[in-house]
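The primary structure of each chain is shown beneath.
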Amino acid sequence: MSTVERNPFEAPNRLRSPVFSQEDLVRMSKMKDGGVVVDDDELNPKDTGLEYDTEDGGVIVSFGSMDEDNEEIPDADILLQEEDIGQKNLVEFLEDDELRDIANLVYTNYMADKDSRSEWESMFEKGFDLLGLKLLEASEPFQGACTAVHPVLIESAVKFQSKAIQELFPAAGPVRTQIIGEHTEESVAQADRIKKFMNYQLTDMMPEYFEEMERMLFHLPLIGSAFKKVYFDKGLNRPVSEFVPIDQFYVSYYATDLRRANRYTHVIYRSPVEMQRDIAAGMYADMALGQAGMPDPTAISSKLNSIMGLSSSSLNDPQYVLLEQHCYLQLPEHLQDGVGDLSLPYIVTLEEKSQKVLAIRRNYDQGDPRKEKRVYFTHYRFVPGFGFYGLGLIHFLGNLTMTATAAMRSLIDAGQFASLPAGFKAKGVRIVGDNTPIGPGEWKEVEAVGNDLTKMIIPLPYKEPSQTLFQMLGFVTGAAQKFADSTEQVVSEAASYGPVGTTMALLEASSKFFSAIHKRLHKSQKDEFKLLASINYDYLPEESLCHIPDSSLKIYKADFDGRIDVIPSSDPNIPSNAHRMMMGQMALQMANSSPPGMFNMEELNRNILSAANIPNLDLIMPRKVEAIPLDPLSDIAAAVKGLPIKAFIGQNHEAHVQAKTLYVQDPLNGGSPFMQRIVPVLQANISEHMILKYQEQVNGVARQMLQMIQQQGMEVGQQDQQIDPNDPKVIEMVMAQAAQQVSQANQAMAAQQAAGTPEAQMVALEGQRIGIEGQRVSIEGQRLQIEMAKASADSQLKQQELAIKEAQVKANLIKETLKATSEADRDDKNRVSKEAIAKLNAGVKQAGSAGNLKLQEDMKAADLMGTLVKESNKLNGKTPTMPSISGGLNTP
């Protein structure tokens, strides 16, 4: 994909209606934008909006409908809607002059951006010489002078690449997921699918990802900025992630980041074979581009080729140079999605040599009301600089590397002269043979008098290499290495620092520089994974089956709907394995000094071994297997293999205890030295079975006791006094009694098993008899408690009967009193008395069933009624209103 930028201050370009000849119309098939096949025999200007009155015999096609007066109806204009444009190549909808204007704009902007950083690129030409990658032979200042370059710069770059790729691309895969919002069963399954699919996608389906990441991580520390591009390749029919070198990516001068940049250009090199494939896939329009040639190399690429000793040939490797510019353009109104005169983001691809626009595509999501630009590039920064581009080691260590190189060369040259001295000799002195240097133990003849030889040969006063210069070289080198990374030195000297806390503090201080860079790498890789997830959402089918190692995975397009956040596997707070190992050592020291059980030692040891990159960790330290119920012999076999064994409820505990105890006591099995390691395991398992057996015994007796007490209470009719089985106090009391009975039974059984003589058997039988007698006494005590409860209930019933008799006596007294009243009121009084007696009898019955409290209230009501009747004799023929037993009033 490509892009061109439109100057927002220029006047908008207006496209006229396209002009076609009659032959073109005959050749037209159904267009991708919804056009129709046009037959020249059926052309009707009123129906099709075609006009034939052009001077060259062409036909003007109008996209509006016509009325009877041959006038265009504006409301019926057929515009390309957003869903119609999609990712189509808009070149086919533009005229040649419009394409030429766009091509000029794209190329002009590209050259301006390229020229704006020419001096910045020249700095790297000098910096690349400090890498020491090229072998040189010097003749200045003398033949054979030292040409070595101090390796501090290249060493720092390679170490950074090694540490970074280990963190950003671990063996398990570079992707992990994070659920946004509430954790549900569905979201957890979705996150697991995305993690497995994207890890397989980056490691197997996109084989270039690892290699391109390593290339990027080598350029990044040197230059300070590197770019990765993630896009969908129609030719490969899959996503692609590629590294974009700095000399193939140009950004406008005032840009601060990619999202807010007005434009940026990606220079793409395509061979003729690749161009044919891309055109056939529909990426670019099929145009006459001419022959591919030799691209003009950039200053950076020329320097790198010179260092590496590489050269290209236009005869064997011709290339097309494509300028893919992401920019803002203002296209004709019918291509603007109804926005009007606003500039929208597009991607324009221009072939540099022919200046032809191969593709123009929309660069915003369909349905986005803001028309926000999509970004397909990820900017990795080593250290943020003063502008768009970052700062690298060439900026930071370039001068130190040159200083260290000069000092190192001087020391080596000085040592060379000191080892192979030179000087002057008199003209008349002749050395037999040649003038080759004299080797150790070699003597040569000289034609001169011995006393005069010291005067005829004068060596030059070369000194030994300077110790001051040597110390200065060490200082400069140490400063450079300390700036780059001194973590390894701290780790190697960790034993001399004392406590782990001190070592951790030194390690953190020494790695501040790389820790900050690691956070930036983590953030940039997260942006890259989001781009890949967005491409998956756009191009994956609704449902597909992916075959991953050891299983098959069903992946859905809806999985990438944004509910799951895709993040790198690296930890932004832990930049290296050295940090993990030191943290693990600190945790291990705390675990060893803490009470047992506070730390999960298995997981702690696994983390330490994982930080040390121990291979086959699952085989070396496998996860514990859950124990399952087995018979005694199978448990012993499992313990020998190192598998966990466990006692379960419902097993025959006595059989397990007996079989495993006999095995441990067997001198040929458990007593063998080879089996001593499993004896503690079996003993612990025997203890578990004994505890479970005791628990089952106590629980069984306790349940029986609770059931018996509840049934006896129900038999005497005291439902309201039943024992609550959920009451903790009741349960504790019952379990204590059950434990006592179980203990007595176990003691009797143990005594019976230990008996070896008739006397011992008699004693055991007597103990059993005593135990049974104790149980009988306990049961008798329970029976007495029940009888006492029954007696108490009988007493309460007798009290109720006495109360009923007393109420009847009072009722008879009322009858006698009523008979003594006057004859004139006898009928009325008898009627009232009958009603009172009827209610009294009803109250008596109610009192008998309601309890003592209700009976007392009725008795008080009867006394009150009798008092009222006595007082009625004193009245002058008036019948008093008598209260009812239930508390109401009778009518006169």
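Presented here is a report on the structure given in the accompanying data block. (Residues numbered from 1 in each chain as written. Predicted model: local features only at pLDDT ≥ 70, side-chain atom pairs only at ≥ 80, totals over all residues. Heavy atoms only, no water.)

This paragraph deals with the sheet that holds strand β11 (residues 356-362). The strand order β7-β8-β9-β10-β11 describes an open sheet built from five strands, whose pairing is antiparallel. The outermost strands of the open sheet, each flanked by one partner alone, are β7 (249-251) and β11. Strand after strand, the sheet turns through a mean of 20° between neighbouring axes, direction not considered. Running at roughly 115° to strand β8 (residues 264-270), helix α9 (residues 272-280) makes contact with β8, β9 (320-329) and β11 of the sheet. (Pairing = 2+ DSSP bridges. Helix = DSSP H or I, 4+ residues; strand = E, 2+ residues; numbered from the N terminus. Axes fitted to C-alpha atoms, helices over the stretch in contact; angles between N-to-C directions. Contact = heavy atoms within 4.5 Å.)

Turning our eyes to something else, we now look at the layout of surface pockets. In this model, the second largest pocket occupies a volume close to 1,200 Å³. Along its surface, the second largest pocket is lined by 45 residues, and Arg215, Pro245, Gln248, Tyr269 and Ser301 are the ones closest to its centre. Where the lining of the second largest pocket is concerned, the elements lending two or more residues are α8 (208-223), β5 (225-233), β6 (238-244), β8 and α10 (299-308). Among the elements that line the lining of the second largest pocket, the one with the most residues is α8, at seven residues. Its residues placed into classes, the lining of the second largest pocket shows 26 nonpolar, nine polar and ten charged. (1 Å grid on protein atoms, 1.4 Å probe; cavity = no way out; pocket = protein on both sides within 12 Å on 5 of 7 lines; lining within 4 Å. Points joined across faces, edges and corners; volume = space filled by probe spheres on them. Nonpolar A, V, L, I, M, F, W, Y, C, P; charged D, E, K, R; others polar.)

Let's shift gears to the packing of aromatic side chains. Throughout the structure, instances matching the rule amount to 18 aromatic pairs. Summarising the aromatic geometry, the rings of Tyr107 and Tyr110 are spaced 6.2 Å apart at their centres and angled 50° between planes, so their arrangement reads as tilted. Of this pair, Tyr107 and Tyr110 both sit in helix α4 (residues 96-115), separated by three residues, roughly a single helical turn. Relative accessible area serves as the criterion here: at 26%, Tyr107 is assigned to the partly exposed category. Take Tyr110: its relative accessible area is 4%, and that puts it in the buried class. The rings of Trp120, Phe124, Phe128, Phe227, Phe249, Tyr264, Phe377, Phe388 and Tyr389 are connected pair by pair, giving a single aromatic cluster. Over the ring of Tyr231 we find Lys229; its NZ or CZ atom is 4.8 Å from the centre of that ring. Sitting above the plane of the Tyr537 ring, Lys557 keeps its charged end 5.5 Å from the centroid. (Phe/Tyr/Trp six-rings, centres within 6.5 Å; stacked < 30°, edge-to-face > 60°. Buried < 20%, exposed > 50% of the residue type's maximum accessible area, 1.4 Å probe, protein only. Lys NZ or Arg CZ within 6 Å of the ring centre and 35° of its normal.)

What follows concerns the packing of helix α6 (residues 152-168) against helix α11 (residues 393-419). Relative orientation of the contacting elements α6 and α11 amounts to 150°, with a least axis distance of 9 Å. On the basis of the axis angle, α6 is roughly antiparallel to α11. Residue-level inspection shows Val152, Leu153, Ser156 and Ala157 of α6 in contact with α11, the latter providing Leu393, Ile394, Leu397 and Thr401. (Parallel < 35°, antiparallel > 145°, perpendicular 65-115°, else oblique.)

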